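Understanding the architecture of this molecule
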Amino acid sequence: MSELLAGWEEQRESLRHEPLLRGGDVMERFGLAPGPEVGRLLARAREAQDLGLVGTQEEALAYLDSPRGDS
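Summarised in this report is the structure supplied together with it. (Residues numbered from 1 in each chain as written. Predicted model: local features only at pLDDT ≥ 70, side-chain atom pairs only at ≥ 80, totals over all residues. Heavy atoms only, no water.)

One finds L21, V26, V38, L41, A45, A48, V54, A60, L61, Y63 and L64 forming the largest nonpolar core, which totals 11 residues. Only α3 (36-50) and α4 (57-65) provide two or more residues apiece to this core. (Core = buried A, V, L, I, M, F, W, Y, C linked by side-chain atoms within 4.5 Å. Buried < 20%, exposed > 50% of the residue type's maximum accessible area, 1.4 Å probe, protein only. Helix = DSSP H or I, 4+ residues; strand = E, 2+ residues; numbered from the N terminus.)

As structure tokens, this is what we get:
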């Protein structure tokens, strides 16, 4: 039960922080039109942000630029 509550609290905490990237940022950087790929990239950037791997917009874009997204 405590693991479930810890997971819920972690999720709640991550929602308090504004995303570092928006769809327009991703579309501009990668020359993409709106679509599923933009969503996938935003999800990867958000996960990296939630894990503490990136803390700025530029770090998030660099993370997505890296071959495996783990700069």
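This part takes up the side chain of S66. Its place among the elements puts S66 in the segment after α4. Judged by relative accessible area, which is 12%, S66 ranks as buried. Among the polar contacts made by the side chain of S66, one reaches the main-chain carbonyl oxygen of Y63 at a distance of 2.6 Å. (Polar contact = N/O pair within 3.5 Å; in protein donor to acceptor, adjacent residues only side chain to side chain.)

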